[in-house]
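Descriptive analysis of the structure
Below are the chains, spelled out letter by letter.
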Amino acid sequence: MTTTVEPEQGNHRATYREVLAEPRFRLLFSTRTVAITADSLRITTFSVLVFAATGSALFSALAFGIGFLPQLFGSLLLGSLADRLPPRALIAGGYALECAAALLLALVRMPIAVSLGVVALVALATPVFSGASSRLVAQWLEGDAYVLGRSLNNIASSGAQLLGLALGGVAVAVLGPRRALVVSAVLYLGCALAIRLRLPRLQPGAFGSDRGDGGAVRASLRGAGLLLRGRTVRRLMLAQWLPSAFVAGAEGLIVAYAGGRHFAPGWYAVLMSCLPVGMLVGDLLVGRLLRPLTRERLVVPLIVLMGLPLVGFAAEPGVGVSSCLLLLCGFGFAYGLGLQRPFLDALPQDAQGQAFGLLGSGNMTLQGVGPACFGSVAAGIGTGGAIALAGGAAVLTAGWILSWHSHTSPVPVPNCSTGSENGTEQHACSSPAQ
């Protein structure tokens, strides 16, 4: 990968201590970690509640995944609000909305379809306040500190998901599913209050621009189109989406693989934990020990490291070898750190919030589609073969990234048309319509 910053500045290595010294980042980081814990608690508890009410594995699975797909539509239809509204009110309001939804699910006995609709409606708004939060992090952390901030968020996200799953199991066993949902609502409420009371109120003009380009939906669709038409931003988004989607497809087959190989009960949980453990170790080592330019050069090798171990499942290895392969695969997820600076550099200043929301929602959506696709393939070639195919697809993605031109041009800014000449993007700007 190449970078557009000067070598001396671009290769300065920040530390996690420097990142955490920024109090505003600490606030966003801590509340986001608590909210992810609440998310995992709510998702698993709601799934248990739906299964208890219906006895249907299908409805239980829908309850688990209903919050993923709507995020992409929310990003496309509402994403511009992340740059147009004051971030403190937006982020605090998002957590308050999550709190209200959890309380509604806990206290009101609704038809299952209505309950699923409540979760889906909240998911529509998720990219807006998450995009606003990510945009603030990009504004307050500069250079390599921004990359390490993203690394800390990745590490905390993995840990919080594991904690939320464990807390969900304990809370359901001790309190029952409805009271467990109240616990998640209390966590969301704490996040909303912390943001409302401690996040500085930005002055008018400090939180993006109101370009006067129509309503939120029209502006969001237009902004998403401009982002995705920019070759650089589109490539960098796909580079962050595709490898993780392929690995998610493989991860969704681990339980079936363990059952087909007749592993002892409980070993599937050990195998599934190997990926997040590898991710934690990879982010820590790559983020802390390597310089920025080195991380960017290692994007392709680390994606290959994600895919090649999965190819080994074609031989249908036993528990020990499978665990090692999944640990190596998880380590490769650190490739994303090498894409953070180029991605941020390619974004127009007044569309960063929408871009981050689109990045996150697209990632969630494709990670939901991946297991369905490779699960269908497994019916024909077996789980080991399907996992290996997912790994091969990740390796092919690395080859595609390697084929990119070394020149990287920024995404077109709003009110700019994009064309192509001699293999490079050309931008022709016009004044906004009066």
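Just so it is clear, the structure is predicted and the values come from calculations on it, not from any experiment.

1. Observations concerning the overall build of the protein
Looking only at helices and strands, the protein features 20 helices and 2 strands. Counting the 434 residues in the protein, one finds 49% classified as buried. Restricting the contact set of the protein to residue pairs at least 6 apart, pairs at least 24 apart contribute 85%. Accessible surface, the protein: about 19,100 Å² in total, of which carbon and sulfur atoms supply 66%.

2. A look at the packing of aromatic side chains
Considering all chains together, one arrives at 7 aromatic pairs under this definition. Ring geometry for Y257 against F313: centres 5.2 Å apart, planes inclined by 80 degrees, an arrangement best described as edge-to-face. Linking Y257 in helix 13 (residues 254-260) with F313 in the loop between helix 16 (299-311) and helix 17 (319-331), this pair joins segments that are 56 residues apart in sequence. Members of the aromatic cluster, each reached through a chain of ring pairs, are Y257, F263 and F313.

3. Regarding a nonpolar patch on the surface
A cluster of nonpolar side chains, contributed by V277, V281, L284, L285, L289 and L327, occupies part of the molecular surface with about 470 Å² of accessible area. Structurally, the position occupied by L285 is in helix 14 (residues 267-289).

4. Quick notes on the nonpolar core
Grouped burial of nonpolar side chains is what soluble globular proteins tend to show. Within the largest apolar cluster, 84 residues are counted, with the highest numbers of intra-cluster contacts made by L28, Y95, Y146, I195, L310, L326 and F343. When near neighbours in sequence (up to four residues on either side) are disregarded, L310 contacts V247, A250, L326, C329, I387, A388 and G391. If you look at the next biggest cluster of nonpolar residues, it comprises 13 residues, including A63, A101, M110 and L181.

5. Considerations on the confidence of the model for the protein
Mean pLDDT over the protein: 81, with 85% of residues reaching 70 or higher. For the protein, strand 2 (residues 424-429) is the element with the lowest average pLDDT, namely 38, and helix 16 is the one with the highest, namely 95. Taken together, the stretch residues 1-8 has pLDDT below 50 and engages in 21 contacts with residues farther than four places along the chain or on a different chain. With pLDDT under 50 throughout, residues 204-212 is counted as low confidence; its partners more than four residues away or in other chains account for 16 contacts.

6. Things to note about the side chain of Q71
Within the secondary structure, Q71 is located in helix 5 (residues 69-78). Look past the residues within four positions of Q71 in its chain and what remains in contact with it is A123, T126, P127, S361 and M364.

7. Let's talk about a positive patch on the surface
A contiguous patch of positive charge, built from R13, R17, R288 and R291, is present on the exposed surface. The topology assignment puts R17 in helix 2 (residues 16-20). Residue class for R17 comes out exposed when judged on its relative accessible area of 72%.

8. Some details on the packing of helix 16 against helix 17
For the pair helix 16 and helix 17, interaxial distance at closest approach is 7 Å and the crossing angle is 160 degrees. With respect to their mutual orientation, helix 16 and helix 17 come out roughly antiparallel. Here the hand of the crossing between helix 16 and helix 17 comes out left-handed. Residue-level contacts link L302, L305, M306, P309 and L310 of helix 16 to L325, L326, L328, C329 and F331 of helix 17.

9. Quick look at helix 20 (residues 383-402)
Helix length check: helix 20 (20 residues) gives 29 Å between terminal C-alpha atoms against 28 Å at 1.5 Å per residue, within 8%. Those residues of helix 20 not exposed but buried are G384, A386, I387, A388, A390, G391, A393, A394, T397, A398 and I401. Where the residues of helix 20 are buried, they touch helix 12 (231-251), helix 13, helix 16 and helix 19 (352-381).

Quick notes on the rules
- Residues numbered from 1 in each chain as written.
- Predicted model: local features only at pLDDT ≥ 70, side-chain atom pairs only at ≥ 80, totals over all residues.
- Heavy atoms only, no water.
- Helix = DSSP H or I, 4+ residues; strand = E, 2+ residues; numbered from the N terminus.
- Buried < 20%, exposed > 50% of the residue type's maximum accessible area, 1.4 Å probe, protein only.
- Contact = heavy atoms within 4.5 Å.
- Areas by Shrake-Rupley, 256 points an atom, 1.4 Å probe, with all protein chains shown as cover.
- Phe/Tyr/Trp six-rings, centres within 6.5 Å; stacked < 30°, edge-to-face > 60°.
- Patch = residues over 30% accessible without salt bridge, like charges linked within 9 Å, V, L, I, M, F, W, Y side chains within 5 Å.
- Salt bridge = Lys/Arg side-chain N within 4 Å of Asp/Glu carboxyl O.
- Core = buried A, V, L, I, M, F, W, Y, C linked by side-chain atoms within 4.5 Å.
- pLDDT = per-residue confidence, 0-100.
- Lys, Arg positive; Asp, Glu negative; His and termini not counted.
- Charge placed at Lys NZ, Arg CZ, Asp CG, Glu CD.
- Axes fitted to C-alpha atoms, helices over the stretch in contact; angles between N-to-C directions.
- Parallel < 35°, antiparallel > 145°, perpendicular 65-115°, else oblique.
- Left-handed = near helix turned anticlockwise from the far one by under 90°.
- Expected span 1.5 Å × (residues − 1).

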